[in-house]
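Remarks on the overall topology
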Amino acid sequence: MSGIRGKNTKPELLVRKALHAKGFRYKLHANDLPGKPDLVFPKYRTVVFVHGCFWHRHEHCKFATTPKTNSNFWIEKLSANSRRDQRNKLQLQTLGWRVLTIWECEIDEAHLTKLADTISAMDSNGTSAIK
Ligand SMILES: [Zn+2]
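The following paragraphs examine the structure supplied in this document. (Residues numbered from 1 in each chain as written. Predicted model: local features only at pLDDT ≥ 70, side-chain atom pairs only at ≥ 80, totals over all residues. Heavy atoms only, no water.)

1. Topic: the nonpolar core
How we decide: Residue types Ala, Val, Leu, Ile, Met, Phe, Trp, Tyr and Cys, when buried and joined through side-chain atoms within 4.5 Å, form a set referred to as a nonpolar core. With a 1.4 Å probe rolled over the protein chains alone, any residue whose accessible area is under 20% of its type maximum counts as buried; one over 50% counts as exposed, and the rest are partly exposed. Helix and strand assignments come from DSSP, with helices taken as H or I runs of at least 4 residues and strands as E runs of at least 2, each series counted from the N terminus. Any two residues whose heavy atoms approach within 4.5 Å are treated as being in contact.
In this structure, Val15, Leu19, Phe41, Val48, Ile102, Leu115 and Ile119 are the most contacted members of the largest nonpolar core, which totals 16 residues. When residues of this core are traced back to their parent elements, those giving at least two are helix 1 (11-21), strand 2 (39-41), strand 3 (46-51), strand 4 (98-103) and helix 3 (109-120). Residue contributions to this core peak at four residues, all from helix 3. In contact with Leu115, not counting residues within four places along its chain, are Val15, Leu19, Val48, Leu100 and Ile102. Membership of the second largest hydrophobic core comes to eight residues, among which are Leu33, Val40, Phe49 and Leu92.

2. Description of the coordination of the zinc ion
Counted only if it meets this: Coordinating donors are taken as N, O and S atoms within 2.8 Å of the metal, stretched to 3.2 Å for Na, K and Ca; because water is absent from the atoms, sites can appear incomplete. Under this scheme a four-donor centre is tetrahedral when all angles range from 85 to 135 degrees, a four-donor centre is square planar and a six-donor centre octahedral when opposite donors are above 155 degrees with the rest from 65 to 115, and any other centre is irregular.
At this site the zinc ion is bound by Cys53 (SG), His58 (ND1), Cys61 (SG) and Cys105 (SG), with donor distances of 2.0 to 2.4 Å. Coordination geometry of the zinc ion: the four donor atoms subtend angles of 103 to 114° at the metal centre, consistent with an arrangement described as tetrahedral. When the donors of the zinc ion are listed by position in the chain, the intervening gaps give C-x4-H-x2-C-x43-C. Placement of the pair is Cys53 in the loop between strand 3 and helix 2 (71-94) and Cys105 in the loop between strand 4 and helix 3, with a sequence separation of 52 residues.

3. A closer look at the pattern of salt bridges
Test applied: The term salt bridge refers to a side-chain nitrogen of Lys or Arg lying within 4 Å of a carboxyl oxygen of Asp or Glu.
Tallying each qualifying case throughout the model produces three salt bridges. Glu12 serves as the salt-bridge partner of Arg16, at 3.2 Å between the closest nitrogen and oxygen. Of this pair, Arg16 and Glu12 are both found in helix 1, four residues apart, which corresponds to roughly one turn of the helix. Arg16 sits in the partly exposed class, given a relative accessible area of 22%. Glu109 is the salt-bridge partner of Lys22, the closest N and O atoms lying 3.3 Å from each other. Pair noted here: Lys22 is in the loop between helix 1 and strand 1 (27-28) and Glu109 is in helix 3, with a separation of 87 residues, a long-range link.

4. Some details on the sheet that holds strand 3
The test is simple: At least two bridges found by DSSP between two strands are what make those strands a pair. Think of each axis as a best-fit line through the C-alpha atoms, taken over the contacting stretch in the case of a helix, with angles from 0 to 180 degrees between the N-to-C directions.
Taken in spatial order, the four strands line up as 1-2-3-4 in an open sheet, and their pairing is mixed. Only two strands of the sheet have a single neighbouring strand rather than two, namely strand 1 and strand 4. Strand direction decides the pairing type here: strand 1 and strand 2, joined by two bridges, are antiparallel. For Leu28, the partnering residue across the bridge sits in strand 2 and is Leu39. Strands strand 1, strand 2, strand 3 and strand 4 of the sheet are contacted by helix 1, whose axis makes an angle of about 25° with strand 2.

5. Thoughts on the layout of surface pockets
Spelled out, the test is: Using protein atoms alone on a 1 Å grid, points that fit a 1.4 Å probe yet trap it form a cavity, whereas open point sets bounded by protein on both sides within 12 Å along at least five of seven lines form a pocket; residues with an atom within 4 Å of a point count as lining. Grid points are joined across faces, edges and corners, and a volume is the space filled by probe spheres set on the points. Three classes are used: nonpolar for Ala, Val, Leu, Ile, Met, Phe, Trp, Tyr, Cys and Pro, charged for Asp, Glu, Lys and Arg, and polar for all others, with Gly counted as polar.
Estimates place the volume of the largest pocket at around 800 Å³. Taken together, 29 residues form the lining of the largest pocket, with His51, Leu100, Thr101, Ile102 and Trp103 sitting closest to its centre. Mapped by element, the contributors of at least two residues to the lining of the largest pocket are strand 3, helix 2, strand 4 and helix 3. Among the elements that make up the lining of the largest pocket, the one with the highest residue count is helix 2 (seven residues). Across the lining of the largest pocket, the residue classes break down as eight nonpolar, eleven polar and ten charged.

Next up, the structure:
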């Protein structure tokens, strides 16, 4: 089953391409930030995580399944992922970053437009028009 997703259809690349086309400039995989956010927008004090629904436990999502085999192992592993995500988010917020997440199953034109609007709604002063 490997190779079903070609390199260029990787969710993260789709998000990068779309935002780049909308004129955003960003840094990738900031190793110096908690959780290494996939995209960093210093101008907007915003980071974006592109999360796979399974690994990051997208709530109420049909892709966030729990394997039937070894289920205890998976429950522990996957809930550890969620806890880590939550911890990283809090740390980033403490550092003054706004944290946005786009889920793999949501990557379409409508969601990407909304994401772009949300990012640009915050100016470099750290004030947001939305929240
Ligand atoms: Zn999902």
